[in-house]
Amino acid sequence: MNSDNFFRGQNILITGASTGIGRALAENLAHKDNKLILVSRRVELFEEILRIRKDNVLVLKCDVSDRESVRSAYTEVQKFCEVPDISILNSGVGFHMTPDNYDSRLAEITMGTNFMGVIYWIEQLLPDLIKKGSGMIAGVSSLADANGFSGSGFYCASKAALSVYMQGLRTELKSRGIKVITIKPGFVKTPMTDKNNFEMPLIMSAEKAATIILEGIKKGKPIIQFPFPIVFATRLISLLPEKLYQFLAGLKKSD
Ligand SMILES: NC(=O)c1ccc[n+]([C@@H]2O[C@H](COP(=O)([O-])OP(=O)(O)OC[C@H]3O[C@@H](n4cnc5c(N)ncnc54)[C@H](OP(=O)(O)O)[C@@H]3O)[C@@H](O)[C@H]2O)c1
């Protein structure tokens, strides 16, 4: 297939499409000839995407951390297109947390959205994808999946869980004709990172991130990770002896 035509005629589902990376993916794909299913809680934010394209778009209000909400949204997906060819499970949240404002509820929301929010969608998608014997599930994890960064413990843990789970699923579904992709961005300028008050090296626009992600999907890459210097740095950090990591993390805090 000509790679420029890759997304033509496909049924594509994107969760968390109301802002940031999901929205940039939706806007990019809205210019191509396909069927789009856009999922989030704030559906009023889809107005601008609907200005680009009115036909062949299904907008679904759904809380991905609620199994029943996902089940009910999926019945609408089935009526619209039977089963998505490509599902980009991107909904996510992140909270800054310190030992002084410790709140386990934030862990529940983070795991419920970033991990269970993907699992609930996969639970709905799998029977139809297995029956069809083809399709793609792409989960948006993060380059923060391999280390416990200070202030982001719940977030890092949720992305570690997701990346590890997706790797196992990739193996399980290989023989069924279903591709499983893990997407691991570095820093991307979105409402999520706009809250951060620390330095974010090589931060890129959501539009650029969306272009890289869609290129990776076209190429069928099992892991789409970017930008390269941050991929390299996070790999290196995870290989450091723990004492050296703690020493370096302490230096960073005291600058
Ligand atoms: N920005 C970065 O630097 C970066 C880096 C690595 C990975 N990521 C990952 O990329 C994904 C997108 O993040 P972003 O940066 O684009 O952040 P964002 O602009 O805050 O977008 C988050 C999206 O998730 C949706 N969402 C949150 N909770 C939800 C829920 N319970 N049910 C349904 N949808 C929910 C939000 O929609 P509603 O609030 O309307 O529901 C929104 O559309 C996340 O998984 C994030 O962890 C981001």
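Here is a short report on the structure shown in this document.

**Observations concerning the overall build of the chain**
Then step 1. The secondary structure content of the chain amounts to nine helices and nine strands.
Then step 2. Expected size for 255 residues packed as a compact globule is a radius of gyration near 18 Å; at 18 Å, the chain falls within 12% of this value.
Then step 3. Its C-alpha atoms give the chain principal-axis dimensions of roughly 55 × 35 × 30 Å.
Then step 4. Counting all 255 residues of the chain, 47% fall into the buried class.

**Here we look at the layout of surface pockets**
Then step 1. Reported here for the second largest pocket is a volume of approximately 270 Å³.
Then step 2. Lining the second largest pocket we find 16 residues, and of these Asp145, Ala146, Lys184, Gln225 and Arg235 sit closest to its centre.
Then step 3. If you list the elements that add at least two residues to the lining of the second largest pocket, you get helix H5 (153–174), strand E6 (178–185), strand E9 (223–226) and helix H8 (228–239).
Then step 4. Here the residues of the lining of the second largest pocket are counted per class, giving six nonpolar, six polar and four charged.

**Remarks on helix H4 (residues 104–132)**
Then step 1. End to end, H4 covers 40 Å across 29 residues, agreeing with the expected 42 Å (1.5 Å per residue, within 8%).
Then step 2. By the largest-angle criterion, methionine 116 marks the main kink of H4, which is about 45 degrees.
Then step 3. Where H4 begins, one side-chain oxygen reaches toward the backbone nitrogen of arginine 105, 2.9 Å away; that side chain belongs to aspartate 103.
Then step 4. At the C-terminal side of H4, glycine 133 shows a positive phi close to 75 degrees.

**A short note on the nonpolar core**
Then step 1. Judged by nonpolar contacts, the single largest core of 33 residues is most densely connected at Phe7, Ile14, Leu25, Leu38, Ile88, Ile183 and Ile217.
Then step 2. Among the elements of the structure, strand E1 (11–15), helix H1 (20–30), strand E2 (35–40), strand E4 (86–89), strand E5 (135–140), E6, helix H7 (206–219) and E9 are those that each provide at least two residues to this core.
Then step 3. Those residues in contact with isoleucine 183, other than ones at most four positions away along the chain, are Ile88, Ala138, Gly139, Val140, Ser141, Ser142, Ile213, Ile224 and Phe226.
Then step 4. Residues Val77, Val118, Trp121 and Leu162 belong to the second largest nonpolar core, which totals 30 residues.

**Remarks on the packing of aromatic side chains**
Then step 1. Counted according to the given criterion, the structure contains six aromatic pairs.
Then step 2. When the centroid spacing of 6.1 Å and the interplanar angle of 35 degrees are considered together, the rings of phenylalanine 228 and phenylalanine 232 count as tilted. With phenylalanine 228 and phenylalanine 232 both in helix H8, this residue pair falls four residues apart, about one helical turn.
Then step 3. Among the residues examined, phenylalanine 228 registers a relative accessible area of 62% and is labelled exposed.
Then step 4. Judged by its relative accessible area of 48%, phenylalanine 232 is partly exposed.
Then step 5. Sitting above the plane of the phenylalanine 80 ring, lysine 35 keeps its charged end 5.0 Å from the centroid.

**Some remarks on the site of the ligand**
Then step 1. Around the ligand sit 30 residues, and of these Ser18, Arg41, Tyr155, Val188 and Thr190 come closest.
Then step 2. Within the backbone of valine 64, an N or O atom sits 2.9 Å from a nitrogen atom of the ligand.
Then step 3. Contributing elements (two or more residues each) for the shell around the ligand: H1, H5 and helix H6 (191–194).
Then step 4. At three residues, the largest contribution of residues to the shell around the ligand is made by H6.
Then step 5. A class-by-class count of the residues in the shell around the ligand yields 12 nonpolar, 14 polar and four charged.

**Examining the pairing of E5**
Then step 1. With six of six residues buried, E5 is to be regarded as a mostly interior element.
Then step 2. Neither face of E5 is open: one carries Gly135, Ile137 and Gly139, the other Met136, Ala138 and Val140, and all of them are buried.
Then step 3. Handedness of the crossover joining E4 and E5 through H4 is recorded here as right-handed.
Then step 4. When E5 meets E6, the two strands line up parallel, connected through six bridges. Considered in E6, the bridge of alanine 138 is made with isoleucine 181.
Then step 5. Crossover E5 to E6 through H5 is right-handed.

**Quick word on the environment of arginine 53**
Then step 1. Tracing the backbone through its elements, the reader meets arginine 53 in the loop between helix H2 (47–52) and strand E3 (57–61).
Then step 2. Note: C-alpha distance between arginine 53 and aspartate 85 (32 residues apart in sequence) is 20 Å.
Then step 3. Aside from chain neighbours lying at most four places away, what touches arginine 53 is Leu29, Ala30, Lys32, Asn34 and Leu36.
Then step 4. At a separation of 3.4 Å, a polar atom in the side chain of arginine 53 contacts the main-chain carbonyl oxygen of leucine 29.
Then step 5. Polar contacts involving the side chain of arginine 53 include one to the side chain of asparagine 34, which spans 2.5 Å.

Reading guide: rules and limits
Residues numbered from 1 in each chain as written. Predicted model: local features only at pLDDT ≥ 70, side-chain atom pairs only at ≥ 80, totals over all residues. Heavy atoms only, no water. Helix = DSSP H or I, 4+ residues; strand = E, 2+ residues; numbered from the N terminus. Rg over C-alpha atoms; globule rule 2.2 N^0.38 Å. Buried < 20%, exposed > 50% of the residue type's maximum accessible area, 1.4 Å probe, protein only. 1 Å grid on protein atoms, 1.4 Å probe; cavity = no way out; pocket = protein on both sides within 12 Å on 5 of 7 lines; lining within 4 Å. Points joined across faces, edges and corners; volume = space filled by probe spheres on them. Nonpolar A, V, L, I, M, F, W, Y, C, P; charged D, E, K, R; others polar. Expected span 1.5 Å × (residues − 1). Bend = angle between axes of the 7 residues up to and from the residue. Polar contact = N/O pair within 3.5 Å; in protein donor to acceptor, adjacent residues only side chain to side chain. Core = buried A, V, L, I, M, F, W, Y, C linked by side-chain atoms within 4.5 Å. Contact = heavy atoms within 4.5 Å. Phe/Tyr/Trp six-rings, centres within 6.5 Å; stacked < 30°, edge-to-face > 60°. Lys NZ or Arg CZ within 6 Å of the ring centre and 35° of its normal. Near = heavy atom within 4 Å. Right-handed = clockwise from strand over helix to strand, strands pointing away. Pairing = 2+ DSSP bridges.

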